[in-house]
Amino acid sequence: MEKKTIVLGVIGSDCHAVGNKILDYSLSDAGFNVVNIGVLSPQEDFINAAVETNADAILVSSLYGHGEIDCRGMREKCEEAGLKDILLYVGGNIVVGKQEWADVHQRFKEMGFDRVYPPGTSVETSIHDLKEDLYK
Amino acid sequence: MNLKNKKLTDEQFFSLREEVLSQWPTGKEVDLQEAVDYLKQVPEEKNFAIKLEKAKKEGVTLAQPRAGVALIDEHIELLNYLDKEGGADLLPSTIDSYTRQNRYNECQVGIDESIKAGRSLLNGFPGVNHGVKGCRKVFESVNLPLQARHGTPDSRLLAEIIHASGWTSNEGGGISYNIPYAKAVSVEKTLRDWQYCDRLVGFYEEQGIKINREPFGPLTGTLVPPSTSNVVAIIEALLAAEQGVKSITVGYGQCGNLIQDVAAIRALEEQTEQYLKKYGYNDVVVTTVFHQWMGGFPEDESKAFGVISLGASTAALAGATKVIVKTPHEAIGIPTKEANASGIKATKMAINLLEGQRLAMSKELELEINVIKAETKCMLDKIFEIGGGDLAIGTVKAFEQGVVDIPFGPSKYNLGKMMPARDNNGAVRYLMTGNIPFSKELLDFNRERLEERGKYEGREVDFQMTVDDIFAVGKGKLIGRPEVK
C-alpha cells in the first residue's frame, strides 16, 4: 500500500502538546507519513505544509476552546491554495464549554470538515477513519 | 547574553516601562502613583499575600478555582457565583489564550462575537483589552482576593494592568510560562520579561503594598516528575526574590501517588526556603499550592469527583497552603459555573474533614522526600556551575543542554530527551533521563523502580508505558497497565 501523508498540528494560539506528540507517534506507528507542524499553528502553516508535501489529509487539533474562531474559512483557504478535496479532520475540545454535540458537529461540518471528533476520541478511531477515507 | 540575575535598576525598569505601556491603548490607563494610592485602599481581606500568609500560620488549606469568560459582567457573575455558591476562598481570573500570545486584535474579535452570540467564545478573561477600567470593575464587584492565572510568555502589560486594578497576585514565571506555553520564545527573553513583572511587584513592595507571585507548578501537567517541577519553582522563586518579591507561592501538580505527592510538597517548601536563605533573601514568605490532577480526566462526572476528592485530600494531608480545584467537566473543556462550583464544594468538604491532619512521617515518605531533594540538588548544582554562579545565565544554558528537561514541552528551547513513566506503585520516575545530571545512585534508583513494574507487567520498560500512563486516569486507573484480553 502506498504511504499516505498527513499534516498534523494544533491550531491557533493553542499550546497543548501532549496529544499532538502522541498522535505523531501513533500515526507514524500505523504507517502514515506524518508531517507534524506542532502547536500554535495558524491555518496558513497547515496549508503550506500540505502543499509542500503533497499531503492527503490535514488533521487539526484544538484543545482550548477557540476552535470555532480558528477553523473558520479553512476549507476555502485550502481550495484557494489548490488543495481541492483534501481530507480535513478536526478534533479535541473544539468549542468553549459543554455544548450539544450534534450542534457542534453540524457547525464544523458546515465549515467543510470531513470528520469532526468529540472530546475523548481514541487515536484508533481516527486511524480507522483515515484508512477508510484514504484507501477506499 | 547580557541577562543576569540582578535587580533591574530604576533606570532600566522605567525605560522598559514606556515601551510596555505602549503595546496596547489600555496601557495608557496605568498611572503608577495613582495605582499605589488605589492599592493602599485595598482591605486586608482582599489582599492575596496577606490571606495566604494567614492561612500558612493557621495551617489551613485554601481552595481556589480557575475561571474566566470574555465579558466583564458575565465574568463578575461567574466569580461571585464561585464565591457564594462554591465557597471559594480565593478568586482567579483565568486569562484567554489570545491575550497569552499578546494578540489583542483577536481578543477584540472574541469580545465582539461573544456579545453577538450571547455566550463566551473566548476561553478566559481578556484583561489587557478590558484595561484598568474593566479590571477594577471586576475587582470592586467581588469580595475576595483576585489573581491573574494565564500562561503568558510576555505578561508585562497584563501585569501592569492587573496590579493597578487591585489584583494582588500574578501567576507565572520565565520558565513555567514559556516552556509549556510557547513554541518559539527563547528562555532568555522570557526570563527577562518576567524579571520586569517581578520588579513591578518589588516596586509595589517598596511602597508598602504586598503582592503575591506564584510560579506555575504543574508545567505541562503530564507526568512531570516532582524534582523537575520543584527545580523550576525554586529557580523562579530565587529570580523573583532578587527583584524584590516578598510573597511567593511555589506550586506542584498532583502526580497521583499519595506518598510521592506529599513528599513533593514538603520537599518543595523546605528546599525553597533553604535556597532563599542561602542566597540572602531572608524576608520572603513562602507558601505552597497543590494543583489537583492536571492530566486527562474521566468523562464520567462521578469518576471526576473521585479524582477531585483525592487531590483535595492529598493537598490537605501534605499541608499545602492552597489547592487549585478541577471540575467534573474537565474532560470536555471549560466548565459551566455550576460544574465549577461543585468542584470547589467537593474539595472543601474533603479539606474540612481532614482539618488538622497531616500525613505522618514514615520510612517511605522520608525516602521520597530525600530522593526528590537529592534529584533537585543535582540539577540546581549544575545550573549554578554552568552559569558561573549566575542563576539566570545558568537557567538559559540548562535548557539548551537538557540539564532541566520538561516532558511534553511544546517549546523548541526545551531539549525533550527526558521521558517519565510510573513505577509499580504509580509514582512518577525518570524513564529516560536524557542529559539530566543525576548521580549514579539516583539513576539506579529510578531504573530499579521501573524495572520492578516491567517485571510485574511482563513487558519492556519503554515509551509505550509513558503513553499508557498518559491515558490511564481518563480510563479510570492511575497506572497504564497492559489490557488483559
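This structure is a prediction, so every number in the text was calculated from the model and none was measured.

Asks: How should I be thinking about the overall build of chain A in this particular structure?
Replies: Looking only at helices and strands, chain A features six helices and five strands. By the compact-globule yardstick of 14 Å for 136 residues, chain A fits well, its C-alpha radius of gyration being 14 Å. C-alpha extents for chain A along the principal axes are approximately 40 × 30 × 30 Å. Buried positions account for 57% of the 136 residues belonging to chain A. Of the contacts made within chain A by residues no fewer than 6 positions apart, 75% connect residues no fewer than 24 positions apart.

Asks: Mind showing me how you'd approach the sheet that holds strand β4 (residues 87-92) of chain A here?
Replies: Pairing between sheet strands relies on hydrogen bonds along the backbone, with the strands arranged either parallel or antiparallel. Residues and elements named next belong to chain A. With respect to topology, five strands assemble into an open sheet ordered β2-β1-β3-β4-β5, the strand pairing being parallel. Single-partner strands in this sheet number two, and they are β2 (33-41) and β5 (115-117). Each neighbouring strand pair of the sheet contributes to a mean axis angle of 15 degrees, computed without reference to strand direction. Where strand β3 (residues 57-62) meets β4, six bridges bridge the pair, whose relative direction is parallel. Its bridge partner lying in β4, Ser62 is registered against Gly92. Sitting on the sheet, helix α5 (residues 101-110) is in contact with β4 and β5, with an inclination near 145 degrees to β5.

Asks: When you look at the UniProt feature "binding site: L-glutamate" (unreviewed entry) in chain B in this model, what are you seeing that I'm missing?
Replies: Residue and element names in this part refer to chain B. Annotation from UniProt places "binding site: L-glutamate" (unreviewed entry) at Arg66, Arg100, Arg149, His150, Glu171, Tyr177 and Tyr181. When you line up the elements, Arg100 lands in helix α5 (residues 97-100). When neighbours within four sequence positions are excluded, Arg100 is seen to be in contact with Thr94, Ile95, Arg149, His150, Gly151, Thr152, Pro153 and Tyr181. Within the structure, the side chain of Arg100 is placed 2.8 Å from the backbone oxygen of Ile95, a separation counted as a polar contact. Assignment of secondary structure puts Tyr177 in the loop between β4 (169-171) and α9 (187-206). A residue is classified by how much of its surface remains accessible, and Tyr177, at 0% relative accessible area, is buried. Non-local contacts of Tyr177, meaning those with residues more than four positions away in its chain, are made with Arg149, His150, Gly151, Thr152, Pro153, Glu171, Gly172, Trp194 and Phe216. In this structure the side chain of Tyr177 is engaged in a polar contact, spanning 2.2 Å, whose partner is the side chain of Glu171.

Asks: Would you take a moment to explain the interface of chain A and chain B for this structure?
Replies: Interfaces are frequently sized by the accessible area removed from exposure as the parts join. Each partner contributes residues to the interface: chain A has 26 residues there, and chain B has 32 residues. When the two sides are added together, the surface that chain A and chain B hide from each other amounts to roughly 2,500 Å², 60% of it contributed by carbon and sulfur. Glu113 of chain B serves as the salt-bridge partner of Arg72 of chain A, at 3.0 Å between the closest nitrogen and oxygen. Those elements that provide at least two residues to the side of chain A that touches chain B are α1 (18-29), β2 and α3 (67-71) of chain A. A total of five residues in the side of chain A that touches chain B trace back to one element, the largest contributor, which is β2 of chain A. Per-class residue counts for the side of chain A that touches chain B are 12 nonpolar, eight polar and six charged.

Asks: Please clarify how the UniProt feature "binding site: adenosylcob(III)alamin" (unreviewed entry) in chain B should be interpreted in this entry.
Replies: Residue and element names in this part refer to chain B. In the UniProt entry, the feature "binding site: adenosylcob(III)alamin" (unreviewed entry) is given for Gly68, Asn123, Pro180, Phe297, Lys326, Glu330 and Ile334. Mapped onto the fold, Gly68 is located in the loop between β1 (62-64) and α4 (72-84). Residue classification places Gly68 among the buried residues on the basis of a relative accessible area of 9%. Beyond its immediate stretch of four places on either side in the chain, Gly68 contacts His75, Leu78, Thr94, Asn123, Gly124 and Phe125. Within the element layout of this structure, Phe297 appears in the loop between β7 (285-291) and α12 (301-318).

Asks: Even after reading the chapter, I still don't get the packing of aromatic side chains, so can you show me in this structure?
Replies: To describe a pair of aromatic rings, you give the distance between the ring centres and the angle between the ring planes. Across all of its chains, the model carries 16 aromatic pairs over all chains by this definition. A ring pair is formed by Tyr25 of chain A and Phe463 of chain B, whose centres lie 4.7 Å apart and whose planes are at 75 degrees; its orientation type is edge-to-face. With Tyr25 of chain A in helix α1 and Phe463 of chain B in helix α17 (residues 463-472), the pair connects residues from two separate chains. What makes Phe463 of chain B buried here is its relative accessible area of 17%. With 5.9 Å between their ring centres and 70 degrees between their planes, Tyr89 of chain A and Tyr117 of chain A make a pair best called edge-to-face. Highlighted residues: Tyr89 of chain A in strand β4 and Tyr117 of chain A in strand β5, separated in sequence by 28 residues. Here Tyr89 of chain A and Tyr117 of chain A have matching classes, each one buried. Feature note: the residues Phe13, Phe14, Tyr196, Phe203 and Tyr204 of chain B constitute an aromatic cluster, connected by ring pairs. Geometry around Phe139 of chain B places Lys46 of chain B over its ring, the cationic atom sitting 3.9 Å from the centre. The cationic tip of Arg136 of chain B hangs over the ring face of Tyr38 of chain B; the distance from NZ or CZ to the ring centre is 3.7 Å.

Criteria and cut-off values
Residue numbers run consecutively from 1 along every chain, following the written order of its sequence. By the order in which they are written, chains take letters starting at A while ligands take numbers starting at 1. Predicted model: local features are reported for residues with pLDDT of at least 70 only, side-chain atom pairs are reported and counted for 80 or more only, and whole-chain, interface and lining totals are derived from all residues. The basis for every side-chain value is the complete set of heavy atoms in the structure, and neither hydrogens nor water enter the calculation. Here a strand is any run of E in DSSP of at least two residues, a helix any run of H or I of at least four, and the numbering for each starts at the N terminus. For a compact globule the rule gives 2.2 Å times the number of residues to the power 0.38, and the radius of gyration it is set against comes from C-alpha atoms. Here's how the labels work: a residue is buried when its accessible area is under 20% of the maximum for its type, exposed when over 50%, partly exposed in between, all with a 1.4 Å probe on protein chains only. Any two residues whose heavy atoms approach within 4.5 Å are treated as being in contact. When DSSP locates at least two bridges between a pair of strands, those strands are taken to pair. Helix axes are fitted to C-alpha atoms over the stretch in contact, other axes to C-alpha atoms as well, and angles between N-to-C directions run from 0 to 180 degrees. UniProt positions are given in the numbering used here, feature names are shortened, and annotations may be inferred rather than shown by experiment. Pairs of N or O atoms within 3.5 Å make up the polar contacts considered here, provided that, within protein, one atom can donate a hydrogen while the other can accept it, and that residues adjacent in sequence are counted only when both atoms are side-chain atoms. Here the quantity called buried area is the total loss of accessible area, with a 1.4 Å probe, experienced by two parts when brought into contact, counted for both. Definition used for salt bridges: Asp or Glu carboxyl oxygen within 4 Å of a side-chain nitrogen of Lys or Arg. We call Asp, Glu, Lys and Arg charged. Ala, Val, Leu, Ile, Met, Phe, Trp, Tyr, Cys and Pro are nonpolar, and the rest, Gly among them, are polar. Stacked, edge-to-face and tilted are the three classes for Phe, Tyr and Trp ring pairs, Trp counted by its six-membered ring, which pair at centre distances within 6.5 Å; planes under 30 degrees apart are stacked, over 60 edge-to-face, the rest tilted. Either the NZ atom of lysine or the CZ atom of arginine qualifies as a charge over a ring when it sits within 6 Å of the ring centre and within 35 degrees of the ring normal.

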